[in-house]
Amino acid sequence: MQALGNKKILLGITGGIAAYKSAELVRLLIKAGAEVRVVMTPSAQEFVQPLTYQALSGHRVYVDLFDAEADSAMDHIELARWCDLLLVAPASADFLGKMNAGYADNLLLTLCLASKRPVAVAPAMNQQMFANSATQENLKQLAARDVRVWGPAEGDQACGDFGPGRMLEPEQLLANVALQFVPGKLDGVQLLLTAGPTREAIDPVRYISNRSSGKMGYALAEAALQAGARVTLVSGPVSLVAPPGAKLVAVESAQQMYEAVMQQVAHSDIFIGCAAVSDYRVDQVATHKLKKSENSMSLPLILNVDILAAVSALENKPFCVGFAAETQNLEKYALAKLEQKNLDMIAANPVGNADSGFETDTNQLEVFWRDGHHSIERDNKLAIAKQLIDLIVERYTCARS
Ligand code: C5P
């Protein structure tokens, strides 16, 4: 297997009995074509001598910060920049705790802080230490910061215990490393996406909006990023964190969303209109808070621009995907929108049920294009998003060929 040809892997080794397995990992990575540099923490050296990894990797092993600084060819910043992936295997409980807290009191911790490259950890420790809520919290927070957590496996432990805490086998770690470099289905593709509701001001304190949570749009942004796309997310006000890697443009009103989309669209290959854009806005926004006086009042509304229709009317239009949230006649309305807005694809979801559509964690979709249809069954929104991205990839590739 040469899946890792020319890939640069920085392998960090911390203090744990599994350090001996990492010698085999170095051998496997090199056999797969990778270039490997090894960094050891001081306690890792209590388990295995640096010479072992030096012999296997064909390069000096970095063991302390000042040692790396003394190497003018590769100081710690250079090392952090050099790699395509930084993998810490084994990663001890102590190391994970310090890494989560942002410590930098040894070379490997410093590299974890200094590297912009993907970082993966393969935890290895006693099962009780793994189960401890401190370790669990550390892993959860690291994962939330996009550190890939690989393992641990369950089984017999060196201390005589049985349970989760064994480092994944070198073959499994090699497979995980290789997976990081499988080209994404949307590599090099620029994807622009609207998400969330819009807010149309009535006066300085009131607005008209809708029940969109933004969850579906944010899940789509995440799924597109995972497929390798460069993602720009134009989002109305939501209480979600944009997936790391997405370029977020935060807006409030439909008009601001329109302007942001028009600014970004020229370089986009795919546009997904997932936002629940307010169809109307208040004609005259009051400068001061409206006071109650009459028994009834009316607010003249005017139609907002249809962002999706405007994008699909562009001369060099991207591949356009719309959403249709309907409480009835799903297929009929979806097909009409596909036609009227000149879309390449439309994803229709029933709203008004407790378990799909707005403000829910699950959804289901009926997806239509000119000569086809596919149902995506009820699931959580990220799973739904991944399936929709797969369909978009299929149709987008077809449309371009
Ligand atoms: O016509 P309707 O509002 O049902 O169409 C929904 C689709 O159109 C969604 O993809 C939505 O994001 C998009 N849309 C838009 N601008 C509007 C209204 C809807 O982009 N003003």
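Reading the values: rules and limits
- Residues numbered from 1 in each chain as written.
- Predicted model: local features only at pLDDT ≥ 70, side-chain atom pairs only at ≥ 80, totals over all residues.
- Heavy atoms only, no water.
- Patch = residues over 30% accessible without salt bridge, like charges linked within 9 Å, V, L, I, M, F, W, Y side chains within 5 Å.
- Areas by Shrake-Rupley, 256 points an atom, 1.4 Å probe, with all protein chains shown as cover.
- Salt bridge = Lys/Arg side-chain N within 4 Å of Asp/Glu carboxyl O.
- Helix = DSSP H or I, 4+ residues; strand = E, 2+ residues; numbered from the N terminus.
- Buried < 20%, exposed > 50% of the residue type's maximum accessible area, 1.4 Å probe, protein only.
- Near = heavy atom within 4 Å.
- Polar contact = N/O pair within 3.5 Å; in protein donor to acceptor, adjacent residues only side chain to side chain.
- Pairing = 2+ DSSP bridges.
- Axes fitted to C-alpha atoms, helices over the stretch in contact; angles between N-to-C directions.
- Contact = heavy atoms within 4.5 Å.
- Domains from an automatic or database assignment.
- Core = buried A, V, L, I, M, F, W, Y, C linked by side-chain atoms within 4.5 Å.

**Some thoughts on a nonpolar patch on the surface**
- A cluster of nonpolar side chains, Y280, M297, L299, L301 and L303, forms an exposed patch at the surface whose accessible area comes to about 510 Å².
- For Y280, the position within the fold is in strand β14 (residues 280-282).
- Classification of Y280 by relative accessible area gives partly exposed; the value is 42%.

**Details of the site of the ligand**
- Residues in contact with the ligand amount to 13 residues; listed here are only the nearest, G273, A275, V305, F323 and K337.
- Take I307: an N or O atom from its main chain is 2.9 Å from a nitrogen atom of the ligand.
- Contacts to the ligand include K337, whose side-chain N or O atom sits 2.4 Å from an oxygen atom.
- Those elements giving two or more residues to the shell around the ligand turn out to be α12 (307-312) and β16 (319-326).

**A few points about the sheet that holds strand β8 (residues 190-195)**
- Across the sheet, which stays open at both edges, the eight strands sit in the order β12-β11-β8-β13-β16-β17-β18-β19 with mixed pairing between neighbours. Two strands lie at the open edges of the sheet, namely β12 (247-250) and β19 (372-380), each paired on one side alone. Each strand of the sheet is rotated relative to its neighbour by a mean of 15°, with strand direction disregarded.
- The strands touched by helix α14 (residues 381-400) are β13 (270-273), β16, β17 (345-350), β18 (362-369) and β19; relative to β19, the strand with the most contacts, the crossing angle is about 160°.

**Some points on the domain arrangement of the protein**
- The domain architecture assigned to the protein consists of domain 1 (2-179) and domain 2 (190-400).
- When each unit is reduced to the centre of its C-alpha atoms, the spacing between domain 1 and domain 2 is 41 Å.

**Some details on the pairing of strand β6 (residues 153-156)**
- Alignment of β6 against strand β7 (residues 162-166), held across four bridges, turns out to be antiparallel. Across the sheet, E154 pairs through a bridge with P164, a residue of β7.
- Taking the residues between adjacent antiparallel strands as the criterion, β6 and β7 are bridged by five residues, where G160 takes a positive phi near 100°.

**A closer look at the pattern of salt bridges**
- Throughout the structure, instances matching the rule amount to 15 salt bridges.
- With its nearest N and O atoms 3.3 Å apart, the salt bridge here joins E339 to R370. Of the two residues, E339 is situated in helix α13 (residues 330-340) and R370 in the loop between β18 and β19; the sequence distance between them amounts to 31 residues.
- Given the relative accessible area of 54%, E339 is considered exposed.

**With respect to the nonpolar core**
- Counting 37 residues, the largest nonpolar core has L220, I272, L388 and I389 as the members making the most contacts within it.
- Listing elements by their share of this core, those giving two or more residues are β8, α10 (215-226), β11 (230-235), β13, β16, β17, β18 and α14.
- Tallying contributions element by element places α14 first for this core, with eight residues.
- Among residues more than four places away in sequence, those in contact with I272 are L191, L192, L193, T194, L220, V321, F323, I389 and I392.
- The next biggest cluster of nonpolar side chains, apart from the first, holds 34 residues, and it includes M40, L173, V177 and A178.

**Focus: helix α6 (residues 107-114)**
- Judged by how many residues are buried, α6 sits mostly within the fold: six of eight residues are covered.
- Turning to α6, its buried residues number three or more, namely L107, L108, L109, T110, L111 and C112.
- The opening residue of α6, the one whose side-chain oxygen lies 3.1 Å from the backbone nitrogen of L108, is N106.

**Comments concerning the sheet that holds strand β2 (residues 35-40)**
- Read across the sheet, five strands follow the order β2-β1-β3-β4-β5 without closing on themselves; strand pairing throughout is parallel. Of all the strands in the sheet, the pair left with one neighbour each is β2 and β5 (148-149).
- Direction of pairing for strand β4 (residues 119-123) relative to β5: parallel, over a ladder of two bridges. The partner of V121 across the bridge, within β5, is V149.
- Where helix α2 (residues 50-57) meets the sheet, its contacts fall on β1 (8-13) and β2, and the angle it forms with β2 comes to roughly 170°.

**Thoughts on the environment of A153**
- Tracing the sequence through the fold places A153 in strand β6.
- Once the C-alpha coordinates of A153 and P123 are considered, the two residues, 30 residues apart in sequence, prove to be 9.0 Å apart.
- Apart from the residues within four sequence positions on either side, A153 is in contact with G163, P164, G165, R166 and L168.

**Examining the environment of V321**
- Tracing the chain through its elements places V321 in strand β16.
- The class for V321 is buried, based on a relative accessible area of 0%.
- Apart from the residues lying within four places of it in its own chain, the contact partners of V321 are F271, I272, G273, L308, M345 and I392.

**Considering unusual backbone geometry**
- With an omega of 0°, the peptide bond running from A89 to P90 counts as cis.
- Geometrically, the link from G151 to P152 is a cis peptide bond, its omega value of 5° lying close to zero.
- Its identity as a non-glycine residue notwithstanding, N6 has a phi of 65°, on the positive side.
- Relative to the helices and strands, N6 resides in the segment before β1.
- The phi angle at N329 is positive, at roughly 45°, despite the residue not being glycine.
- Residue position: N329 is located in the loop between β16 and α13.

**Some thoughts on the environment of T110**
- Residue placement: T110 occurs in helix α6.
- The spacing of T110 and N6 is 104 residues in sequence and 25 Å in space, taken between C-alpha atoms.
- Those residues in contact with T110, other than ones at most four positions away along the chain, are L65, H76 and A104.
- There is a polar contact of 2.7 Å between the side chain of T110 and the backbone oxygen of N106.

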